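# Summary of structural features
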Amino acid sequence: MKRNLLLAMTALLASPALAQGEPPPVDVEVTSGGVNTATSIAVPSMPTEGGVEMALGRNISGVIASGLRASGRFAPLGPSGLPNYSIAQADAPVFGEWRGLGAQQLVTGFVRPAGAGQITVGCYLYDVGAGRELVRQGYQVTTENWRRAANKCADAIYSRLTGEGGFLDTRVVFVAETGPKNNRQKRIAIMDSDGANLRYLTEGEATVVTPRFSPDGSRLAYTSYQGRRARVWVLDIASGQKRLLVPGLALTSAPRFSPDGRRIAYALSANGNTDIWVANADGSGAPQRLTSAPGIDTAPSYSPDGRRIVFESDRGGSQQLYMMDADGSNQRRISFAGPSGSPAWSPRGDKIAFVRTGSFRIGVMNAGGGGEQILTDGWQDESPSWAPNGQFVMFNRFTRDGRSSLFAVPVGGGTARRLPTPQDGSDPSWSPLQR
């Protein structure tokens, strides 16, 4: 990670308002889908001092509100239309004022300079009805990385109110698509989870598909058709350096890192057969073959503990999901309700996302099979990827005219939301939380 992306949580001893302490439990109405969507959270514009522009405080509050709204669990109010408050009121709000506006929760904070090119962002959450503090955090960032502080604040609020891990201080890689349907240029792009700070990691010199993050978010494994041959490459995001996973001309595809980042499972096609193999991510040693059944075995995905791999295969006559131990033993079928492919194991370990290939819908099932639930109803939904907290699945949706966009849907049920991208997007991969 580049040095200017380092975001350190600070004790901020100069500010008594950010002394650390364990907040009391919060009383929030919970339904089967999580926090009641009627929960209103006021997010007024943060005050600034020390020469920091007022617009920055407003923008930080706007990103916090947008992130909470994107979770589908809250109804943020503001920043526009809400009263201003002083820095002194950041940790001593006038609760009666906010009760009168109908807010159940209140987010306050401040922005102040913290040295050359640095700012400190304070972040508080209050239960308005009870008049008590629930979250108290501070973040020091470079001025240009203010969005990281906003997203980390939103994650802290989301986690406090839901009991779940955050998902907003993350990045997304995907295949950015431009050009006509019969001649698409496909480049790997990376952006923040809210669509900001987009940049391209490949230049379109070759078609690329299936980019996948390493567990620490520093590398990608992807398939490139450079030289008109499908081969897996490994890319260091910070330096831009890349190399073939398996040297030579072997046809390889569908890579996925192991949870410890040391190995990459992939599909290799030879002599009319496609099987699952695994290789060391650093290029050392010899690859190991895991499957040998007739037909196509592809799209491997590791369990979070690294002990098992789920994959798709047509060995039984139709496209279905199978599971095996990480060494290739104990292969068994786990999907039976209909043709299924593109499995992705949840980071929580309890679910597997998949594509119901007969109707091209995104679904989830229990990790051992069964309990299938279809989450989407688009015309053609593909390529599921999990949020790091296991509560959302990102995917791409094609329209009948060949356009594609990225969406995310809550696993507990709800409406899929579209993620902003400047061009068409496909094959998304959600990063772990940033460090």
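Here the structure is shown first, and the text comes after it.
Before going into details, it helps to say that this report is about the structure given with it. (Residues numbered from 1 in each chain as written. Predicted model: local features only at pLDDT ≥ 70, side-chain atom pairs only at ≥ 80, totals over all residues. Heavy atoms only, no water.)

### So, the overall build of the protein
To be explicit about the condition: The helix count covers DSSP runs of H or I at least four residues long, the strand count covers runs of E at least two residues long, and both are numbered beginning at the N terminus. Throughout, exposure labels follow a simple rule: accessible area from a 1.4 Å probe, protein chains only, divided by the maximum for the residue type, with under 20% read as buried, over 50% as exposed, and the rest as partly exposed. In this analysis, two residues are considered to be in contact whenever any of their non-hydrogen atoms come within 4.5 Å of each other. Only the protein chains shown count as cover for residues, with accessible areas throughout obtained via the Shrake-Rupley method and a probe of 1.4 Å. Just so you know, the count uses Lys and Arg for positive and Asp and Glu for negative, and it drops His and the chain ends. By convention, the charge on Lys lies at NZ, on Arg at CZ, on Asp at CG and on Glu at CD.
In terms of helices and strands, the protein carries 3 helices and 32 strands. Projecting the C-alpha coordinates of the protein onto the three principal axes gives extents of approximately 70 × 45 × 40 Å. Taken across its 435 residues, the protein has 54% of its residues classed as buried. For the protein, the share of sequence-separated contacts (at least 6 apart) that also reach a separation of at least 24 residues comes to 47%. Entry remark: accessible area of the protein is about 18100 Å², with carbon and sulfur atoms responsible for 49%. Distance from the positive charge centre (45 side chains) to the negative charge centre (37 side chains) of the protein: 4 Å.

### A closer look at the sheet that holds strand β30 (residues 404–410)
Adjacent strands of a sheet form backbone hydrogen bonds with each other and so pair up, either parallel or antiparallel. Stated formally: When DSSP locates at least two bridges between a pair of strands, those strands are taken to pair. Only the contacting stretch of a helix is used when fitting its axis, a line to C-alpha atoms as for every element, and angles between N-to-C directions run 0 to 180 degrees.
Judged by pairing direction, the sheet is antiparallel, and its 4 strands sit side by side in the order β28-β29-β30-β31 without closing on themselves. Two strands bound the open sheet, and with one partner strand each, they are β28 (380–386) and β31 (417–419). Pairs of neighbouring strands in the sheet enclose a mean axial angle of 35°, with direction left out of account.

### Thoughts on the state of the cysteines
By definition, a disulfide links the sulfur atoms of two cysteines through a covalent bond. The test is simple: Note that a disulfide, as used here, is simply two cysteine sulfur atoms within 2.5 Å.
Following the criterion strictly, the structure yields 1 disulfide and no others. Shown here is the disulfide that connects Cys-123 with Cys-153, its sulfur atoms set 2.1 Å apart. The S-S bond linking Cys-123 to Cys-153 shows a torsion near 75°; that makes this disulfide right-handed. Placement of the pair is Cys-123 in strand β7 (residues 118–127) and Cys-153 in helix α3 (residues 146–162), with a sequence separation of 30 residues. This pair shows no difference in class: Cys-123 is buried, exactly as Cys-153 is.

### Some points on the sheet that holds strand β26 (residues 361–366)
Read across the open sheet, the 4 strands follow the order β24-β25-β26-β27; overall the sheet is antiparallel. Of all strands in the sheet, those with a lone pairing partner are β24 (340–345) and β27 (373–374), marking the two edges. The pairing of strand β25 (residues 351–356) with β26 spans 6 bridges and is antiparallel. The partner of Lys-351 across the bridge, within β26, is Asn-366.

### Let's talk about the pairing of strand β14 (residues 231–236)
With 5 of its 6 residues buried, β14 lies for the most part within the structure. Here strand β13 (residues 219–224) pairs with β14 via 6 bridges, running antiparallel. Paired with Thr-223 across the two strands is Val-232, which belongs to β14. Counting the residues that bridge the hairpin from β13 to β14 gives 6 residues, and of these Gly-227 lies at a positive phi of roughly 75°.

### Points about the pairing of strand β20 (residues 297–302)
Burial analysis of β20 places 6 of its 6 residues in the buried class, which makes it a mostly covered element. Note that β20 and strand β21 (residues 308–313) share 4 bridges and pair antiparallel. Across the sheet, the residue bridging to Thr-298 is Glu-312, located in β21. What sits between the antiparallel neighbours β20 and β21 is a turn of 5 residues, in which Gly-306 has the positive phi angle 75°.

### Topic: the pattern of salt bridges
Threshold: Each reported salt bridge corresponds to a side-chain nitrogen of Lys or Arg within 4 Å of a carboxyl oxygen of Asp or Glu.
If you walk through the whole model with that rule in mind, you get 14 salt bridges. The partner of Glu-177 in a salt bridge is Arg-184, and the shortest N-O contact between them spans 3.2 Å. Note on Glu-177: relative accessible area 5%, which makes it buried. A residue is classified by how much of its surface remains accessible, and Arg-184, at 18% relative accessible area, is buried. When the shortest N-O distance is used, the salt bridge between Asp-275 and Arg-289 registers 2.6 Å. Of this pair, Asp-275 sits in strand β18 (residues 273–280) while Arg-289 is found in strand β19 (residues 288–289), placing the two residues 14 residues apart along the sequence. The partly exposed category is assigned to Arg-289, whose relative accessible area is 43%. Bridged by salt links that share partners, the residues Glu-177, Arg-184, Arg-403 and Asp-424 form one connected network.

### A look at the environment of Val-128
In this fold, Val-128 is placed in the loop between β7 and β8 (132–142). A relative accessible area of 0% places Val-128 in the buried class. Placed 26 residues apart in sequence, Val-128 and Ala-154 show a C-alpha to C-alpha distance of 17 Å.

### Brief notes about the nonpolar core
Heads up, the rule is: Only buried Ala, Val, Leu, Ile, Met, Phe, Trp, Tyr and Cys residues count toward a nonpolar core, and they belong to the same one when joined by side-chain atoms within 4.5 Å.
Counting residues in each nonpolar core, the largest one holds 57 residues, and the members touching the most others are Ile-60, Ile-64, Val-111, Ile-157 and Trp-430. The biggest single contributor to this core is α3, with 9 residues. With residues up to four places along the chain from it excluded, the contact list for Ile-157 reads Ile-64, Leu-68, Val-107, Cys-123 and Leu-125.

### Points about the packing of helix α1 (residues 54–70) against α3
Geometrically, a packed helix pair is captured by the angle between its two axes and the distance between the axes. Put simply, the rule reads: Angular relationships are summarised with four words: roughly parallel below 35 degrees, roughly antiparallel beyond 145, roughly perpendicular across 65 to 115, and oblique for the angles in between. By convention the crossing between two helices is left-handed if the near helix lies anticlockwise of the far one by an angle smaller than a right angle, and right-handed if it lies clockwise. Residue type decides the class: Asp, Glu, Lys and Arg count as charged, Ala, Val, Leu, Ile, Met, Phe, Trp, Tyr, Cys and Pro as nonpolar, and the leftover types, Gly among them, as polar.
Contact geometry for α1 and α3: axes closest at 8 Å, N-to-C directions at 40°. Taken together, the axes of α1 and α3 lie oblique to each other. Where α1 crosses over α3, the two elements pack in a sense that is right-handed. Of α3, the residues touching α1 (which contributes Leu-56, Asn-59, Ile-60, Val-63, Ile-64 and Leu-68) are Trp-146, Arg-147, Ala-150, Asn-151, Cys-153, Ala-154, Ile-157 and Tyr-158. In the contact of α1 with α3, the residues fall into 11 nonpolar, 2 polar and 1 charged.

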